[in-house]
Amino acid sequence: MTSVSVRDLSLNFGAVTVLDKLNLDIDHGEFLVLLGSSGCGKSTLLNCIAGLLDVSDGQIFIHDRNVTWEEPKDRGIGMVFQSYALYPQMTVERNLSFGLQVAKVPQAEIDKRVKRAAEILQIQPLLKRKPSELSGGQRQRVAIGRALVRDVDVFLFDEPLSNLDAKLRSELRVEIKRLHQSLKNTMIYVTHDQIEALTLADRIAVMKSGVIQQLADPMTIYNAPENLFVAGFIGSPSMNFFRGEVEAREGRNFVRVDGVAFDVSAYPARTKLQPGQKVVLGARPEHVKVDEPGAGDAHQAMVDIEEPMGADNLLWLTLAGQSMSVRLAGQRRYPPGSTVRLSFDMGVASIFDADSEKRL
Amino acid sequence: MTGQTRGSVRPNQWLRNLNAKIASIPMILTAVVIFVGGTAWTVVYSFTNSKLLPRLAFVGLDQYERLWAAPRWLISIQNLAVYGFFSLVFSLVIGFVLAALMDQKIRFENTFRTIMLYPFALSFIVTGLVWQWLLNPQYGIQSIVRSLGWTSFAFDPLYNSDIVIYGILIAALWQGTGLVMCLMLAGLRGIDEDIWKAARVDGIPMWKTYMLIIIPMMRGVFITTLVIIASGIVKVYDLVVAQTSGGPGIASEVPAKYVYDYMFLAQNLGQGFAASTMMLVTVAIIIVPWAYLEFGGGRKRG
Amino acid sequence: MDDIASNGMVTAYDAASDRLKAGPRGAKPRRRLSRRNIIVYGTLIVVSLYYLLPLYVMIVTSLKGMPEIRVGNIFAPPLEITFEPWVKAWAEACTGLNCDGLSRGFWNSVRITVPSVIISIAVASVNGYALANWRFKGADLFFTILIVGAFIPYQVMIYPIVIVLREMGVYGTLTGLVIVHTIFGMPILTLLFRNYFAGLPEELFKAARVDGAGFWTIYFRIMLPMSLPIFVVAMILQVTGIWNDFLFGVVFTRPEYYPMTVQLNNIVNSVQGVKEYNVNMAATILTGLVPLTVYFVSGRLFVRGIAAGAVKG
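Analysis parameters
- Residues numbered from 1 in each chain as written.
- Chains lettered and ligands numbered in written order.
- Predicted model: local features only at pLDDT ≥ 70, side-chain atom pairs only at ≥ 80, totals over all residues.
- Helix = DSSP H or I, 4+ residues; strand = E, 2+ residues; numbered from the N terminus.
- Contact = placed C-beta atoms within 7 Å.
- Buried ≥ 20, exposed ≤ 12 C-beta atoms within 10 Å, placed from the backbone.
- Pairing = 2+ DSSP bridges.
- Axes fitted to C-alpha atoms, helices over the stretch in contact; angles between N-to-C directions.
- Nonpolar A, V, L, I, M, F, W, Y, C, P; charged D, E, K, R; others polar.
- Core = buried A, V, L, I, M, F, W, Y, C linked by C-beta atoms within 7 Å.
- Domains from an automatic or database assignment.
- Parallel < 35°, antiparallel > 145°, perpendicular 65-115°, else oblique.
- Left-handed = near helix turned anticlockwise from the far one by under 90°.
- Arc of directions from axis to C-beta.
- pLDDT = per-residue confidence, 0-100.

*Asks:* Would you explain the overall build of chain A in this entry?
*Replies:* The helix and strand tally for chain A stands at 8 helices and 20 strands. Overall size of chain A, expressed as C-alpha extent along the three principal axes, is 80 × 45 × 35 Å. Considering only contacts in chain A between residues 6 or more positions apart, those separated by 24 or more positions represent 65%.

*Asks:* When you look at the overall build of chain C in this model, what are you seeing that I'm missing?
*Replies:* Regarding its fold elements, chain C presents 14 helices and 0 strands. When the helices and strands of chain C are listed from N to C terminus, the series reads α-α-α-α-α-α-α-α-α-α-α-α-α-α. In chain C, buried positions account for 41% of the 313 residues. Across chain C, contacts joining residues at least 24 apart in sequence account for 75% of those joining residues at least 6 apart.

*Asks:* Looking at this structure, I do not really get the sheet that holds strand β9 (residues 203-208) of chain A. What am I missing?
*Replies:* Within a sheet, each strand pairs with its neighbour through backbone hydrogen bonds, oriented either parallel or antiparallel. Residues and elements named next belong to chain A. As summarised here, the arrangement of the 6 strands in space is β6-β7-β8-β3-β9-β10, forming an open sheet in which the pairing is mixed. Edge positions in the sheet fall to β6 (77-80) and β10 (211-216), since each has one partner strand and no second. On average, each strand axis in the sheet is inclined to that of its neighbour by 15 degrees, with strand direction left out of account. Bridging between β6 and strand β7 (residues 154-158) involves 4 bridges; their strand directions are parallel. Each bridged residue has a counterpart across the sheet, and for M79 the counterpart in β7 is L156. Strands in contact with helix α4 (residues 136-148) are β6 and β7; relative to β6, the strand with the most contacts, it is inclined by about 170 degrees.

*Asks:* Help me out: how do you make sense of the interface of chain A and chain B in this one?
*Replies:* For an interface, size is often stated in terms of accessible area lost upon the parts coming together. Counting residues at the interface gives 16 residues for chain A, matched by 14 residues for chain B. Of all the secondary-structure elements, those providing two or more residues to the side of chain A that touches chain B are β6 and α2 (92-102) of chain A. Among the elements that make up the side of chain A that touches chain B, the one with the highest residue count is α2(A) (3 residues). Residue composition of the side of chain A that touches chain B, by class: 12 nonpolar, 3 polar and 1 charged.

*Asks:* It is not clear to me how the nonpolar core should be interpreted in this structure. Could you clarify?
*Replies:* Here is a general trend for soluble globular proteins: nonpolar side chains tend to be buried in one another's company. Ranked by size, the top nonpolar core spans 260 residues in total, and within it I49(A), L156(A), I188(A), A205(A) and A283(C) carry the most contacts. In this structure I49(A) touches V4(A), V6(A), I60(A), L156(A) and I188(A), once residues within four positions along its chain are discounted.

*Asks:* Help me out: how do you make sense of the interface of chain B and chain C in this one?
*Replies:* Between chain B and chain C, the contact holds 72 residues from the first and 66 residues from the second. For the side of chain B that touches chain C, the element with the highest residue contribution is helix α3 (residues 25-45) of chain B, accounting for 13 residues. Residues that form the side of chain B that touches chain C fall into these classes: 51 nonpolar, 18 polar and 3 charged.

*Asks:* Which parts of the structure should I look at to understand the domain arrangement of chain A?
*Replies:* All names here are of chain A. Domain annotation for chain A reports domain 1 (2-233) and domain 2 (240-353). Measuring from the centre of the C-alpha atoms in domain 1 to the corresponding centre in domain 2 gives 39 Å. Opposite the 5 residues of domain 1 that make contact, domain 2 presents 5 residues. Residue composition of the side of domain 1 that touches domain 2, by class: 3 nonpolar, 2 polar and no charged.

*Asks:* What is the right way to look at the pairing of strand β11 (residues 240-249) of chain A in this model?
*Replies:* It is a general feature of regular strands that their side chains alternate between the two faces of the sheet. Residues and elements named next belong to chain A. Note: β11 against strand β14 (residues 278-283), 6 bridges, orientation antiparallel. By the bridge assignment for β14, F241 is matched with G282. Note: β11 against strand β12 (residues 252-257), 5 bridges, orientation antiparallel. When the sheet's bridge partners are listed, E247 is paired in β12 with F254. In this structure, the hairpin formed by β11 and β12 is closed by a connection of 2 residues, where E250 is found at a positive phi of approximately 50 degrees.

*Asks:* Looking at this structure, I do not really get the packing of α3(B) against helix α7 (residues 174-199) of chain C. What am I missing?
*Replies:* In a pair of packed helices, the angle between the axes and the distance between the axes together describe the arrangement. At a closest axis distance of 10 Å, the pairing of α3(B) and α7(C) adopts a crossing angle of 120 degrees. Put simply, α3(B) runs oblique to α7(C). The way α3(B) lies across α7(C) gives a crossing that is left-handed. Two secondary-structure elements touch here, α3(B) through M27(B), T30(B) and I34(B) and α7(C) through I183(C), M186(C) and T190(C). Along the lines of polarity and charge, the residues of the contact of α3(B) with α7(C) split into 4 nonpolar, 2 polar and no charged.

*Asks:* Help me understand the domain arrangement of chain C in this model?
*Replies:* Each assigned domain of chain C is listed here: domain 1 (41-82) and domain 2 (111-260 + 291-310). Here the C-alpha centroids of domain 1 of chain C and domain 2 of chain C sit 38 Å apart.

*Asks:* So what exactly am I meant to see when it comes to helix α14 (residues 255-265) of chain B here?
*Replies:* Given 3.6 residues per helical turn, the α-helix brings residues three or four places apart onto the same face. All names here are of chain B. Counting buried residues in α14 gives 8 out of 11 residues, a clear majority hidden from the surface. Those residues of α14 not exposed but buried are P255, A256, K257, Y258, V259, Y260, Y262 and M263. Positive phi shows up at Q267, right after α14, with a value of about 50 degrees.

*Asks:* Would you mind going over the pairing of β10(A) with me for this structure?
*Replies:* All names here are of chain A. Of all 6 residues in β10, 6 are buried; the element is thus mostly enclosed. Of the strand pairs in this sheet, β9 and β10 are connected by 5 bridges, and their pairing is antiparallel. Bridge pairing links A205 to L215 in β10. Hairpin connection from β9 to β10: 2 residues lie between these consecutive antiparallel strands, with S209 at a positive phi of about 50 degrees.

*Asks:* I tried to follow helix α6 (residues 109-117) of chain B on my own but got confused; where do I start?
*Replies:* Where α6(B) is concerned, the buried positions are F112(B), I115(B) and M116(B). Summarising the axial view, the buried residues of α6(B) lie within an arc of 95 degrees, below the 170-degree limit, and thus occupy one face. Looking at the packing, one finds that the buried side of α6(B) touches α5 (71-102) and α9 (164-189) of chain B together with α1 (35-62) of chain C.

*Asks:* Any chance you could explain the confidence of the model for chain A here in plain terms?
*Replies:* A low pLDDT score tells you not to read the predicted coordinates there in detail. On average, chain A scores 90 in pLDDT, and the residues at 70 or more come to 100%. For chain A, β12(A) is the element with the lowest average pLDDT, namely 82, and strand β3 (residues 31-35) of chain A is the one with the highest, namely 96.

*Asks:* Would you explain the sheet that holds strand β5 (residues 65-66) of chain A in this entry?
*Replies:* All names here are of chain A. What the 4 strands build is an open sheet, ordered β2-β1-β4-β5; its pairing is antiparallel. Each edge of the open sheet is held by one strand with a lone partner, namely β2 (16-27) and β5. Sheet topology places strand β4 (residues 57-62) next to β5; 2 bridges connect them, and they run antiparallel. In the strand pairing of β5, I62 is matched with R65. Strands in contact with helix α1 (residues 42-50) are β1 (2-13), β2 and β4; relative to β1, the strand with the most contacts, it is inclined by about 115 degrees.

*Asks:* Looking at this model, I keep getting lost on the confidence of the model for chain C. Mind explaining?
*Replies:* Residue and element names in this part refer to chain C. Residues with a pLDDT of 70 or more make up 87% of chain C, whose mean pLDDT is 81. Contacts from residues 1-17, a stretch scored under 50 in pLDDT, to residues over four places away or in other chains number 22 contacts. Of the two predicted TM-score estimates for the complex, the pTM is 0.83 and the ipTM is 0.82.

*Asks:* How do you make sense of the environment of A100(B) when you look at a structure like this?
*Replies:* All names here are of chain B. Take A100: it is sitting in helix α5. Residues A100 and G187 lie 87 residues apart in sequence; the distance between their C-alpha atoms is 10 Å. Ignoring sequence-local partners within four residues, the contact set of A100 consists of L188 and Y210.

*Asks:* Explain the environment of I242(C) here, please?
*Replies:* All names here are of chain C. Inspection of the secondary structure assignment puts I242 in helix α10 (residues 228-243). Using a count of 26 C-beta atoms within 10 Å as the deciding quantity, one classes I242 as buried. Those residues within four positions of I242 in sequence are excluded, and the remaining contacts are I112, T113, S116, V117 and H181.

*Asks:* Would you explain unusual backbone geometry in this entry?
*Replies:* Residues other than glycine predominantly adopt negative phi, and peptide bonds predominantly adopt the trans conformation. Residues and elements named next belong to chain A. Looking along the chain, the bond that leaves S236 and enters P237 is cis, with omega of 0 degrees. Relative to the helices and strands, P237 resides in the loop between α8 (228-233) and β11. We note that K104 has phi near 60 degrees; this positive angle belongs to a residue other than glycine. Within the secondary structure, K104 sits in the loop between α2 and α3 (107-121). A residue is classified by how many C-beta atoms lie within 10 Å of it, and K104, with 7 of them, is exposed.

What follows is the structure, encoded as structure tokens:
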């Protein structure tokens, strides 16, 4: 059963197209993450679903009800904002109950819901305090609580952790995941942080320039990115890209990059690679093996810089005329200038058409 | 540091920042001589019976007794109270309502703002004279309304002792509300946009959002604006001189005018000093609590 | 450009086959004449009329002949436009003493405003600069006194100033008035400049000191070139405030040096006999012309200047 549906959604500000004929179906109980860098339209899409922004074209459905023209309060959603947006002059308790009081919900029911939300989020001792007396993490919990008391099925999160420091961020991230596991509500979550996306999502929608680049579960996005943008966006340090041409020799396919020929016969291409086709070969730093015989298509390269990081060692080398990175587990050192043997496992590599940038 | 350098520290301390100190002489002179010294001088001499020239002949509270027995002064204070109260209330309400309207992402915002603020660029004399003309009973608003049919319509504040202060009030509001609107608008624009969104998602109607959430959040702006309006109210002088010359009779006298008339026209410096000291006291009553709230309380918290 | 991968992705997109369902679609229809719009724009337009009316009446009255004024109402546009009131106001209007119109007051105002603006800004900007970058013992105390002094009603300090100016021999002269304007402009302007200079990056100042530059060198070579906006704001504030001043003009000058505002008041309010309303209105407009021009030309900067000047402390 779909919880939230978006059909042909477009949003224009004057001549600028911010959202371009988007289509999206979110299942009941799913945790969907909208991921992208600033300006890609993810927050805009969330605001449209919430009803805070009017769309230029298209439709929005929540629980199969057409809510395209409904006010936010009638859509059955709760929202958590980046800056918490708690009413500063009210206590936590009043912040939680205010919307319900305005909607003339009976006081007994209000008390019940506030109590329940406070228990789930463990903010009971904070009920009589004002937002200015709370820490960032506590404020964010109250913000989530405000959405909880609305007794709705769909929760919208607009970069809720971006204002917190790194430590708090990872703590609250776990809390949100725990919350989702216990409540099993539909959650739509906007972020620019790929770690949040990869750890929290059931599915991720990677967005760029108002268009969804790929919609899939985290592992698929990581293992089989649909286009060059998604491939370069996920993963840190980002995927190594080699631009070259397809060559066919002795029944095997090669990609020739600046004098180096990568044997890509083992690559599970969806469409047959054409000789002369301009392509981009991608390999993640953590998938490249160093000095391991028989680990795949092998090439020699020289180490430029190494960055030992404790658990891993990050090597920067030059291959086929360009800089690339390799992440190795362990603490073995590879001093600059030393030559190593790199092996590429084409089973986990990616090849994209150079013009369309799509996965082949 | 050894004893050798110790001797050279003291002259250095004076020479350090010498240029800055020289450059600040005007400020120091002004602050000490004019502001502190001048105020103290006036207060001291308010206890004398200076007439045409200042004389150091102390008469205790004599000037003040005369002051508070003078009908003209009593009317001044009464006028100031009425004018001050309504000016404050109307300025804040009108200014805020206008700012709320301007905040609605309207077109022609610049045009509206230009129209509402241009009176502030005018002198009080200009404002007073214009409204004197508009309220002229023979040619002005009263005659217009009468010619439209309401023959018994009476609106001649400038000739009616009971309501003359309201005529001045209308002119003052015309000049000042534009500024209040600008200050309130700046305050409104400083409110986090997410608060509006949260209230909308919560389903809170517009007017309740303003009353229960936004206005309490703007407490600081309101207080600052209040202080600004209040300090302007006490000083009201030019407007009265131009619009009514204090008339009819003495019905629109204000303290500032009382001070000037006694100091420079009636050759009674003592009274002038006493009256201006009373003005100072009035201002202090407003400013001191505010300053304490703004700065004193802050230090406690820090 | 497709928004989805064309290679067999998730079933979610099969739902796209029953694309747009029935019901509301696209932008919510908003009537131009919605209740909200009527309230907002309606109120603003009515309010604008309240603000514009006096200006309209001023202009219209100043262009009518006296007979027409006596007959008609003040809102009616002139049947016969005449500029005679303007000429009279400028060159022939009588105050108590002489009959050469407002032109005398205008030039007085110019002679008062120009030096006052220049000197008050020069002094306050140096003061603000010293306070922001060169703190010395007691500086903050003096500054606090200055700011507190800004709230004290002028009337309390006027007579001591009269005495001081008399001792200096400049009471009643333009010089004296310029000094007075400089004194009373100091609190707001110093605050303005101090806040501005304090907001400039400190590294610039430190780098200059490392290079060996002194107090005045840094002021003229580094601070000034970067401060054009705040100087413009200060100028707007001072030109408007000084030109519109009345109290100081009437206390500290002799009649031949009266600024335009004082003269205007004399022309309108102290004339016995027949009141020439059209001349009065023309004179009023003439007096307001300079600050209004500054206002219209400076637009946004004026708002900023007023807000900065109005927010004390």
